[in-house]
Each structure stands twice: as structure tokens, then as C-alpha cells.
Amino acid sequence: MAAAYIIGASTTAFGPQPEKSIVSLGRDAALAALSDAGVDSASVNMGFFANVFGPLLFGDTTIGQDVFGAIGVQRAPIINIENACTSGSSAFHLAVQAIEADAADIVVVVGAEKMCVPTLGLVGGGQSDYASRNGMAAPVGFAMRAARHMHEFGTTLQQFAAVTVKSRAFAAKNPLAQFRKPTNVEEVLAGPMIADPLTRAQCCPIADGASAIVVASEKAARANGARAVRVNASVLTSGESVSAPDIVRWGTDIRTCALAYEKAGVGPDDVDVAECHDAFSISEILHYEALGFCAAGEGGRFVESGASAPGGRKPVNPSGGLLSRGHPVAATGVAQISEIVLHLRGEAGARQTPDAKVGVAQCMGGDKDGDTKSCTVVVLSR
Amino acid sequence: MTMAQTLDQVFGAPPIASGLFDVDASGAPFLMGGHCEQCDRYVFPYSESCPACLSGMKHVRLGGEGVIYSHTTVRTKPPYGLPQPYSVAFIDLNDAPLRIFALLDHSMAGGFRIGDRVKLKVGVIGHDGEGDPRARGYFTLKDSR
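Residues numbered from 1 in each chain as written. Chains lettered and ligands numbered in written order. Predicted model: local features only at pLDDT ≥ 70, side-chain atom pairs only at ≥ 80, totals over all residues. Heavy atoms only, no water.

Trainee: Hey, could you go over the overall build of chain B for me, with residue numbers and the actual values?
Mentor: Across its full length, chain B holds one helix and nine strands. Going from the N terminus to the C terminus, chain B shows its helices and strands as α-β-β-β-β-β-β-β-β-β. For chain B, whose C-alpha radius of gyration is 15 Å, the value lies close to the compact-globule estimate of 15 Å for 145 residues. On the principal axes, the C-alpha backbone points of chain B span a range of 40 × 35 × 30 Å. Split into buried and exposed, the 145 residues of chain B put 48% on the buried side. Within chain B, contacts between residues separated by at least 24 positions form 46% of all contacts whose residues are at least 6 apart in sequence. Side chains of chain B carry 14 positive and 15 negative charges; the gap between the two charge centres is 7 Å. (Helix = DSSP H or I, 4+ residues; strand = E, 2+ residues; numbered from the N terminus. Rg over C-alpha atoms; globule rule 2.2 N^0.38 Å. Buried < 20%, exposed > 50% of the residue type's maximum accessible area, 1.4 Å probe, protein only. Contact = heavy atoms within 4.5 Å. Lys, Arg positive; Asp, Glu negative; His and termini not counted. Charge placed at Lys NZ, Arg CZ, Asp CG, Glu CD.)

The following block contains the structure:
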């Protein structure tokens, strides 16, 4: 199997951008990623474009060809991807597979989303889904995970809030993040309750934004020299219907992380920096446990210890994560990987992880029967 | 239900989806789901084929009682015209090996605990997404506190 490398990455600012369209956001990110890679659009063999809300909010479908057309990529195969919050990382996964299969030398992945419109309510599963029609929505499943985590492991409200405090501390160092003002536990807990026990600052904001990555074969990456980042593993799995899912020992999350580690030949102790899908404070706590950064049930105490904070031994979500950088759904999975690329190259500025050699990006999307619909884990190294 | 009455009449509005619940001769509601006689698997809501062995599934009663495994109360603007706030739970059913997602009694939203024993009721709650009222199943405390 051929090796895959990342030779270019770029993310736009996240947040409300009313003057931008999905296409213009995607174009901005893609052009910057190509420029970062030092390649021109004529060398792009294939493109994957991720977007979730275009069809629902604007009636826009098959947007990828418009984005790639706008950056001068014509005739090459373009594939449009929707896979909930893992849309971007699923697109990345397919790009890596194309390189590993020796089907292309340069593949561009773009995730772009526009969500900041008044008509977007709680994000749920749609009108054909039993749970969605009976009150399930994005914060609801996670709020129940939080309540159960408190019940089984003694996790506290202060520990949940510590995830947001840590997130804002990192975001203050990321000029592209949406919420950059530092906060504290008391302020997080005093905010309006969304779904008990999650207050507003423990739920990620919607955003407009885009991110793009250039994936290359070993041959094409050679010109990129030391800046090329190796893709050691990219794993995409789906959840399963289990009659009585354990919502605080998340099987799909644990299994997917383990698979990625195995494929990459590394373990949790080797990871210098991680991005994970912190859509809610409880999400990050569960992902610490699935990624093996702490034992099952210890996620609350792990964040409280400062281990995942700036200067900690295991920095998590140095970009500010979904909670502070923001969550333009299809851009997120690409942006997480782009963030890890910056740390491995030593280009992450004020939030740089010292001497980062191995990084992980974990993402999840959708709710089904107490499980996620999709989960991706990517391991990168320099 | 009685021969003369449709579920719409019993509950005051059409159910949010067909085949989710029904009432016995005494008027007590119960959940309906699927059972696979090949691999003894239960599902809720009903599915025509077993997700494990793909055999045809039988439409069966799942009872109307269970225990709260976890819960939350949603205080932000609700979807489908549900009450604000509304409570929901994962409930371990007594009569089938299933942990299902369901609404809780909104008249006591926020008053539930993990481990509470609950029973099914059906009422007109919220709408179908287009503004037409719908009957939905919800669980309330089995024993008074």
C-alpha cells in the first residue's frame, strides 16, 4: 500500500460570515491550502467536497463541482460527501484511500459549511427518525451521557465546566477561533441551561467556515520536503444498533481509537497533541477515555488536573475545539486534521505543542439508537 | 382498543407514527416493537427485518413499564412543538431487553432521577412538524413520591 502525506492545509476563520457563500468559503480554504502546498490546480487529480446543510438551508446540492471549478480544477473526478459531523474527515479518509490505492498523486479535500441563518433550529436527525420526532437533538443525547457519567463515576458539574474553561484558554491563542475570551468555572455554570446539566457555554456554537487539505503520494510529497506530514492511519467506522447501549463506555469511540492506534503502530502514550470532537463538554471527557489518555470514568478528573490544558502533558483541542473555535459541521473534520498538521510542522504559533511528533484527530457524527452514526480517527506524524 | 374506536379517537389525535403504541382492553397503553423469532432479538421501533439475521420480524407488545437509565430536561426552544421545558430519557424496559429513547411526563419536567420506575402514558403532545397535533407516548412515575 502506498503512503499518504499531507502537503497543504488551511482553515478560514470560523463564525458568522454573512457576506460569504458556501462556494466562496470553500474556495478561500482550497486556494490557501494549494498555496501552502506549493502546487497549482492543474496538478490536482481528484477532489472530495464535504457539506451537510447546503441542501436543507439553501437548496444547494452537489456543491463540490462549483467549489473546485472556482479554483480551476476542471474535468477531474469530484465527489460530494455528507456524513454528519464526520463529513470532512470522511472526505479526508477517501482522499487517503485514493492515494494509498495509487489512484492519484494529489487529492484535495474541502469541507465548507454555512449555518448562521435564523431558520436553523436544534440540529436533529430529521422527520423520518423516531427519536428526533420525540425530542432527540444534538445536545439531548450528550446531556444524558453527562447525567449518567455523573451517576456512575462521580463526575462533577465543575469538571464539565473545566472543559470549556480549558477550551477558551486555548482559543485565546488561536486568531481564527470564534470565542476567544477566557472564562472560568463559575461563569460557565451560571449561563443558561440548554439540556441539564449542560449550560450554553458547554455546547458548541454553529458557524460559517471552511477548511482544506492537500493529500499527496510519496512522490508528490517529496517536493514539499520536511513540511510533509505522514498519514499513519485513517479509520472510518459506523455505529451499531445495540438493544441496551452503554452510553458512558462508548463502544464505537473506543473501538475506532484502538483500530487507529493499531494501524499506526502507536499508543496513547505516544500522542503529543490531539483534536477531538468536543461538541459538548461531556463529549471531550468521553473522548479522553476512548483515546486512552485516562482510564474509563476518569475523564472529569483528567481535565480538572490540567493535563489537557495549555502547558499540560497531553494538550487536547489546542485550536479551541468545537466549543470555542466553532462548529461549521462539514468543515470541522478537516479543520481538526489541519490543526494537528500545524503542530507537527511547528507552525501553530502561540498555541504550539512543544516538539510535537505524533498527533491524533478524532471525530464523530450523528445519533442512532444511543450510538454515533460515524466515527473517524486519524493518526499523523512527522 | 375497542372495535368502534380508532387510535386517533382514543388518544385525541393521530399517533406521531403508526405501530409505536396501542392500548389493551382496560385502556392501558403499551409499546409495540419487533421481535425476531430466529435470533430472539427485540427492536423498537418496529422494523420489518431483523438487523442481525434479516429474518422477518413479528410485531409484538413490549409492555409499558421500565426504569430510567439516564435522562435530561431540554430547556431551549423545542422541536415539533414539544413543551418547553420537556424531559426525555433512555428507559430500560421491564418486559423486553431494550433501552429505548422516550419522552417523560412534562408536567414534572426536571423531577426525574436515574433509577426511577416509570410507566407509559399517551397524550396529545406537540405536532407533526407541520402544526397538526399528534399523540405521543411518554413515561411518568409509576409510584408517587
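Trainee: Tell me what's going on with the pattern of salt bridges, and back it up with residues and numbers.
Mentor: All chains considered together, the criterion is met by 26 salt bridges over all chains. Its salt-bridge partner being B:Asp92, residue B:Arg99 comes within 2.6 Å of it at the nearest N-O pair. Judged by relative accessible area, B:Arg99 falls into the buried class, the value being 15%. Across the salt bridge formed by B:Arg134 and B:Asp128, the nearest N and O atoms sit 3.3 Å from each other. On the basis of relative accessible area, B:Asp128 is assigned to the buried category, the value being 9%. Here the salt bridges do not stand alone but share partners, grouping A:Asp36, A:Arg227, A:Arg345 and A:Glu347 into one network. (Salt bridge = Lys/Arg side-chain N within 4 Å of Asp/Glu carboxyl O.)

Trainee: How would you explain the nonpolar core if you had to name every residue and give the values?
Mentor: Inside soluble globular proteins, nonpolar side chains tend to come together where they are buried. Within the largest apolar cluster, 90 residues are counted, with the highest numbers of intra-cluster contacts made by A:Val140, A:Ile282, A:Phe293, B:Ile91, B:Ile100, B:Phe101 and B:Phe139. Setting aside chain neighbours within four positions, we find B:Ile91 in contact with B:Gly66, B:Val67, B:Ile68, B:Tyr69, B:Leu98, B:Arg99, B:Ile100, B:Ala102, B:Leu104, B:Val118 and B:Phe139. Among the nonpolar cores identified, the runner-up in size contains 38 residues, and A:Cys85, A:Ala95, A:Ala98 and A:Ala361 belong to it. (Core = buried A, V, L, I, M, F, W, Y, C linked by side-chain atoms within 4.5 Å.)

Trainee: Which residues make up helix 10 (residues 251–264) of chain A, and what are the values?
Mentor: Residue and element names in this part refer to chain A. Its 14 residues give helix 10 an end-to-end C-alpha distance of 20 Å, which sits within 8% of 20 Å, the value for a rise of 1.5 Å per residue. Looking at helix 10, one finds that the buried residues are Thr252, Asp253, Thr256, Cys257, Ala260, Tyr261 and Ala264. In an axial view of helix 10, the angular spread of the buried residues amounts to 160°, which keeps them on one side of the axis. Where helix 10 is buried, its residues touch strand 8 (229–238), helix 11 (281–290), strand 10 (358–368) and strand 11 (371–381). Taken from the residues just after helix 10, Gly265 is the one with a positive phi, measuring 70°. (Expected span 1.5 Å × (residues − 1). Arc of directions from axis to C-beta.)

Trainee: Lay out the sheet that holds strand 8 of chain A in plain terms, naming residues and giving numbers.
Mentor: Sheet strands line up and pair through hydrogen bonds in the backbone, either parallel or antiparallel. Residue and element names in this part refer to chain A. Read from one edge of the open sheet, nine strands run 3-2-4-7-1-8-11-10-9, paired in mixed fashion. Of all the strands in the sheet, just strand 3 (78–81) and strand 9 (273–275) have a single pairing partner and so form its edges. Here the average twist between neighbouring strands, direction ignored, is 25°. When strand 1 (residues 4–11) meets strand 8, the two strands line up antiparallel, connected through three bridges. Bridged to Ile6 within strand 8 is Val229. Sheet contacts for helix 1 (residues 22–37): strand 1, strand 2 (46–50), strand 4 (106–113) and strand 7 (209–217); angle to strand 7, the most-contacted strand, approximately 35°. In the packing of helix 10 onto the sheet, contacts are made with strand 8, strand 10 and strand 11, and the angle to strand 8 comes to roughly 150°. (Pairing = 2+ DSSP bridges. Axes fitted to C-alpha atoms, helices over the stretch in contact; angles between N-to-C directions.)

Trainee: Account for the pairing of strand 9 (residues 133–141) of chain B, naming residues and giving values.
Mentor: Residues and elements named next belong to chain B. Burial of strand 9 is extensive: eight of the nine residues sit out of reach of the surface. The pairing of strand 7 (residues 99–104) with strand 9 spans two bridges and is parallel. By the bridge assignment, Leu103 is partnered in strand 9 with Tyr138. Where strand 8 (residues 117–127) meets strand 9, eight bridges bridge the pair, whose relative direction is antiparallel.

Trainee: Let's hear about the packing of helix 7 (residues 157–171) of chain A against helix 11 of chain A: which residues, and what values?
Mentor: Residues and elements named next belong to chain A. Taken N-terminus to C-terminus, the directions of helix 7 and helix 11 make an angle of 95°; their axes are 8 Å apart at the nearest point. Considering their axes alone, helix 7 and helix 11 lie roughly perpendicular with respect to each other. Touching Gln159, Phe160, Val163, Thr164 and Lys166 of helix 7 are Ser281, Ile282, Glu284, Ile285 and Tyr288, all from helix 11. Broken down by class, the residue content of the contact of helix 7 with helix 11 amounts to five nonpolar, three polar and two charged. (Parallel < 35°, antiparallel > 145°, perpendicular 65-115°, else oblique. Nonpolar A, V, L, I, M, F, W, Y, C, P; charged D, E, K, R; others polar.)

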